[in-house]
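Residue strings, one per chain:
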Amino acid sequence: MAKQILEGIKAISMGSAWAGPYIGRILAEHGAEVFRVDPVEQTRARGMTRPPELIEAWKKRLLASGVPKENVAAVGVQSPSYNSVDLVDNYGVVINLGVDKGKELFKKLVAICDIVSVGYSPNVMTNLGLDYRVLRKVKPDLIMIHIPGLGMTGPEKNVRMWGSGVEALSGIQSITG
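Residues numbered from 1 in each chain as written. Predicted model: local features only at pLDDT ≥ 70, side-chain atom pairs only at ≥ 80, totals over all residues. Heavy atoms only, no water.

A.B. asks: For this particular structure, what's the right way to read the overall build of the chain?
C.D. replies: Of regular secondary structure, the chain possesses 8 helices and 5 strands. Listing the helices and strands of the chain from first to last along the sequence gives β-α-β-α-α-β-α-β-α-α-β-α-α. Within the chain, buried positions represent 41% of all 177 residues. Within the chain, contacts between residues separated by at least 24 positions form 69% of all contacts whose residues are at least 6 apart in sequence. With the model as given, the accessible surface of the chain reaches about 9,900 Å², and the carbon-plus-sulfur share is 57%. (Helix = DSSP H or I, 4+ residues; strand = E, 2+ residues; numbered from the N terminus. Buried < 20%, exposed > 50% of the residue type's maximum accessible area, 1.4 Å probe, protein only. Contact = heavy atoms within 4.5 Å. Areas by Shrake-Rupley, 256 points an atom, 1.4 Å probe, with all protein chains shown as cover.)

Structural data, given as structure tokens:
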């Protein structure tokens, strides 16, 4: 099999709506190893637990990727209950980013990754203390993709908007129906 363009690249995918998981899927389809990070309280993004042998295999891959052994024990690898097509080939990692220990674990994951893809409103990562300026200190050559519904700046930046809403506002639905 021919080498894929993102083979050897590690990425983190975050976001609860369509854009975040979709970007993770695209990265995985092109060969990247994608870690899907979900917050503890985001129960809609998690479903049934995968078979124990698969969880153990994934934990071994995390260890091989450089995640410290003591952190792998806290990793919950889950099966997605929504957007299942977009979450194909993603490792599900649940991290509580609201506490210092969770933030430190996330930074350790960032340190071994090349890309962080975020599908949250612009202020979410800043409020968590995990925005690009902070993460760049952990990984100076980090690529960060931020895809909020209505952009990073401007009067509507904090309005939550997804797919069909963005399509309607842009006028594209008048062409496509």
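What follows continues from the structure just given.
A.B. asks: Explain the nonpolar core to me, please; I cannot follow it from the model alone.
C.D. replies: Grouped burial of nonpolar side chains is what soluble globular proteins tend to show. Grouped together as the largest cluster of nonpolar side chains are 20 residues, with contacts concentrated most on I12, M14 and F106. Mapped by element, the contributors of at least two residues to this core are β1 (10-14), β2 (33-38), β3 (90-94), α4 (100-111) and β4 (115-118). Tallying contributions element by element places α4 first for this core, with 4 residues. In terms of nonpolar packing, the next biggest core, distinct from the first, is built from 6 residues, A11, L27, A32 and V34 among them. (Core = buried A, V, L, I, M, F, W, Y, C linked by side-chain atoms within 4.5 Å.)

A.B. asks: Mind showing me how you'd approach the sheet that holds β2 here?
C.D. replies: Within a sheet, neighbouring strands are paired by backbone hydrogen bonds and run either parallel or antiparallel to one another. Reading across from one edge, β3-β2-β1-β4-β5 is the order of the 5 strands in this open sheet, with parallel pairing throughout. Strands with a single pairing partner mark the edges of an open sheet, and in this sheet they are β3 and β5 (143-146). Between one strand axis and the next, the sheet turns by 20° as a mean value, whatever way the strands run. Here β2 pairs with β3 via 5 bridges, running parallel. Across the sheet, the residue bridging to D38 is V94, located in β3. α4 rests against β1, β2 and β4 of the sheet, and its axis sits at about 140° to β1. (Pairing = 2+ DSSP bridges. Axes fitted to C-alpha atoms, helices over the stretch in contact; angles between N-to-C directions.)

A.B. asks: What exactly am I supposed to notice about α4 here?
C.D. replies: The periodicity of an α-helix, 3.6 residues per turn, causes residues three or four places apart in sequence to face the same way. For α4, spanning 12 residues, the distance from its first C-alpha to its last is 16 Å, which sits close to the expected 16 Å at 1.5 Å a residue. Of all the positions in α4, only G102, K103, L105, F106, L109 and V110 are classed as buried. The arc that holds every buried residue of α4, seen down its axis, measures 160°, which confines them to one face. Opposite the buried face of α4, at more than 90 degrees from it, the exposed residues are D100 and K101. (Expected span 1.5 Å × (residues − 1). Arc of directions from axis to C-beta.)

A.B. asks: What's the story with the pattern of salt bridges in this structure? I'm lost.
C.D. replies: Once their charged atoms are close, side chains differing in charge can pair, the charge on each being opposite to the other. In this structure the tally under the stated criterion is 6 salt bridges. In this structure, E29 engages R25 in a salt bridge whose closest nitrogen and oxygen atoms are separated by 2.8 Å. Here R25 and E29 lie together in helix α1 (residues 19-29), a separation of 4 residues that amounts to about one turn. Given the relative accessible area of 23%, R25 is considered partly exposed. With a shortest N-O distance of 3.4 Å, R133 and D131 are connected by a salt bridge. R133 gets classed as exposed once you look at its relative accessible area, which sits at 62%. (Salt bridge = Lys/Arg side-chain N within 4 Å of Asp/Glu carboxyl O.)

A.B. asks: Any chance you could explain α1 here in plain terms?
C.D. replies: Of all the residues in α1, the buried ones are G20, P21, G24, L27 and A28. All buried residues of α1 project into a common sector of 120° when viewed along the axis, lining one side. Among the structural elements, β1, β2, β3 and β4 are those in contact with the buried residues of α1. Of the residues one or two after α1, G31 is the one with positive phi, at around 105°.

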